[in-house]
Amino acid sequence: MHEQLKSFLTRRQIPFEELVPMAKMTSFQTGGVARILIRPANEMQTACLLKELNRTGQDWFVLGKGSNLLAPDGMIERILIRLNENEPAPRQMGDEIECAAGYSLMKLCRFAQSKGLSGLEFAYGIPGTLGGAVFMNAGAYGGEMADLLVSCSFLLPDGTRMTLSAEELELGYRTSLFQKKKAIITGAKLRLKPDNGLEIETRMKEFLERRKEKQPLEFPSAGSTFKRPVGFYAGALIEECGLKGLTVGGAQVSEKHAGFCINKDHATTSDVLQLIEQVQKTVFEKKGVRLECEVRLIDRY
Ligand SMILES: Cc1cc2nc3c(=O)[nH]c(=O)nc-3n(C[C@H](O)[C@H](O)[C@H](O)COP(=O)(O)OP(=O)(O)OC[C@H]3O[C@@H](n4cnc5c(N)ncnc54)[C@H](O)[C@@H]3O)c2cc1C
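Residues numbered from 1 in each chain as written. Predicted model: local features only at pLDDT ≥ 70, side-chain atom pairs only at ≥ 80, totals over all residues.

### Focus on the site of the ligand
Item 1. Around the ligand, the structure places 32 residues, and the nearest of them are Gly64, Gly128, Gly131, Gly132 and Gly223.
Item 2. At the level of elements, β3 (60-63), α4 (130-136), β10 (139-140) and β14 (184-191) are the ones that each hand at least two residues to the shell around the ligand.
Item 3. The element that contributes the greatest number of residues to the shell around the ligand is α4, accounting for 5 residues.
Item 4. In terms of residue class, the shell around the ligand is built from 18 nonpolar, 12 polar and 2 charged. (Near = placed C-beta within 6 Å. Helix = DSSP H or I, 4+ residues; strand = E, 2+ residues; numbered from the N terminus. Nonpolar A, V, L, I, M, F, W, Y, C, P; charged D, E, K, R; others polar.)

### Focus on helix α7 (residues 269-287)
Item 1. For α7, with 19 residues, the first-to-last C-alpha span of 26 Å sits near the 27 Å given by 1.5 Å per residue.
Item 2. Here α7 has its buried residues at Thr269, Asp271, Val272, Leu273, Leu275, Ile276, Val279 and Val283.
Item 3. Looking one or two places after α7, you find glycine 288, whose phi comes out positive at around 70°. (Expected span 1.5 Å × (residues − 1). Buried ≥ 20, exposed ≤ 12 C-beta atoms within 10 Å, placed from the backbone.)

### Some points on unusual backbone geometry
Item 1. One non-glycine residue, glutamine 29, adopts positive backbone phi at about 55°.
Item 2. By the secondary structure assignment, glutamine 29 is in the loop between β1 (16-21) and β2 (33-38).
Item 3. The exposure class of glutamine 29 is partly exposed, given the 18 C-beta atoms found within 10 Å.
Item 4. Located in the positive-phi region is glutamate 170, a residue other than glycine, with phi close to 50°.
Item 5. Tracing the sequence through the fold places glutamate 170 in the loop between β13 (161-165) and β14.
Item 6. What makes glutamate 170 partly exposed here is the crowd of 16 C-beta atoms within 10 Å.

### Side note on the domain arrangement of the chain
Item 1. Domain parsing of the chain yields domain 1 (3-82), domain 2 (91-213) and domain 3 (216-297).
Item 2. Between the C-alpha centres of domain 1 and domain 2 the distance comes to 24 Å.
Item 3. In this complex, domain 1 contributes 13 residues to the contact, which on the side of domain 2 involves 13 residues.
Item 4. A class-by-class count of the residues in the side of domain 1 that touches domain 2 yields 4 nonpolar, 6 polar and 3 charged. (Domains from an automatic or database assignment. Contact = placed C-beta atoms within 7 Å.)

### Considerations on the environment of isoleucine 276
Item 1. Within the element layout of this structure, isoleucine 276 appears in helix α7.
Item 2. On a C-alpha basis, the gap between isoleucine 276 and alanine 89 in space is 38 Å, while along the polypeptide they are 187 residues apart.
Item 3. Apart from the residues within four sequence positions on either side, isoleucine 276 is in contact with Thr225, Cys261 and Cys293.

### Observations regarding the sheet that holds strand β16 (residues 247-248)
Item 1. One open sheet holds the 3 strands; their spatial order is β16-β17-β18, and the pairing between them is antiparallel. Strands at the two margins of the open sheet, each flanked by one partner only, are β16 and β18 (261-263).
Item 2. For strand β17 (residues 251-253) and β18, the ladder comprises 3 bridges, and the chain directions are antiparallel. Residue valine 253 lies in a different strand from β18, and its bridge partner there is cysteine 261.
Item 3. Along the sheet, α7 contacts β16, β17 and β18; its crossing angle with β17, the most-contacted strand, is approximately 30°. (Pairing = 2+ DSSP bridges. Axes fitted to C-alpha atoms, helices over the stretch in contact; angles between N-to-C directions.)

See below:
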C-alpha cells in the first residue's frame, strides 16, 4: 500500500508516519490504526502533497488536534494529513493576529493575552487547532470564531492557494464553507481589541474554571456531542429523558454533563456511535427533537 506515495514523500522530504494508533490522535482516544499519516512541515509542502495526491487521484482527510473527531475502528486506509503545529509562529500587526492553521488555539489565546489583545478568551479551553476552530466556527460563552475572523487562507485539492474574507466563509452555528468545500485551511487572520492583559487573563481563567466545574474533563471526549437544537439545550433534553449514565460498552453519557458522551472505559468508536444513536432515538421519541451530531467522523476509505 502507498509504496509510490511513500517514495514521493521521501524524495520531497515530507514527514510521514505509518500505522498510527488513532487513540493518540483524537481526544476521544478511540479508533483503529491509520495506514499513513502525513505531516507536511509547512504550506509549501502541503501544496506539493496535494498536487501529487490530485495527480494520482488519491483522496485524503485533514485533521487538526482530533478534538472533534471520531476515527473508525480497524485499519484506516484513507490518507490522513496533519499540519505542523509549530510553524510559523503567530504574528501580531496592530490589533490583528495572523496565524497558521495547525497552531494550537489554546496557545493562540495565550499569545493574544500576552499582546494585550482581547476577544479570544471564550476559546481558552477549546483543545483544538486554529484550522479546526475555523472549520467548526468553534464557540463558547457567547463568543465564536466568526466574531474575530478577518480572512482565511486555504489550499484547494489541486494545491491552488486561495484567501477569502470572513464574509465569504459562510460562518454559522458550528459551520463554515469548509464543511461543503474540500480544502485545507492553512492560516487565518483575526481582529481583536486592545485591552488590559491582566483583565484578559482573569477572564480566560474564569472560563476555564467554568469548564472544569461543569464538564467531565477527567474523561476523554470530543466536548459537546450534539449541536444545540433551536430553542433547546441538548444536555437538558438528554437528562430529561433519563439518559445520564446510559452506557454502551466503554462509552457513556456523562453523569456530570449529559451533553457529553465520554470514553468511560476503553471504548471503541463503535461503542460511541451506538451510544449516540441510542440518545438520538430516545430524545426524538420522547421529545420530538432531532439531535444533530457535532462530532465528525473520519471515513475509513
Ligand atoms: C474537552 C473539550 C471541550 C470542547 N469545547 C468546545 C467548545 O467550547 N466549543 C466548541 O466549539 N468546540 C469545543 N470542543 C470541540 C473541538 O475542540 C472544536 O470543534 C475544535 O475547533 C476542533 O479543532 P481540531 O483542531 O481538534 O479539529 P479536528 O477535531 O481535528 O477536526 C474537526 C474537523 O475540522 C476539520 N479540520 C481540522 N483542521 C483543518 C484544516 N486545517 N483544514 C480543513 N479542515 C480542517 C477536520 O477535517 C474535521 O472535519 C471541545 C472538545 C473537547 C474535547
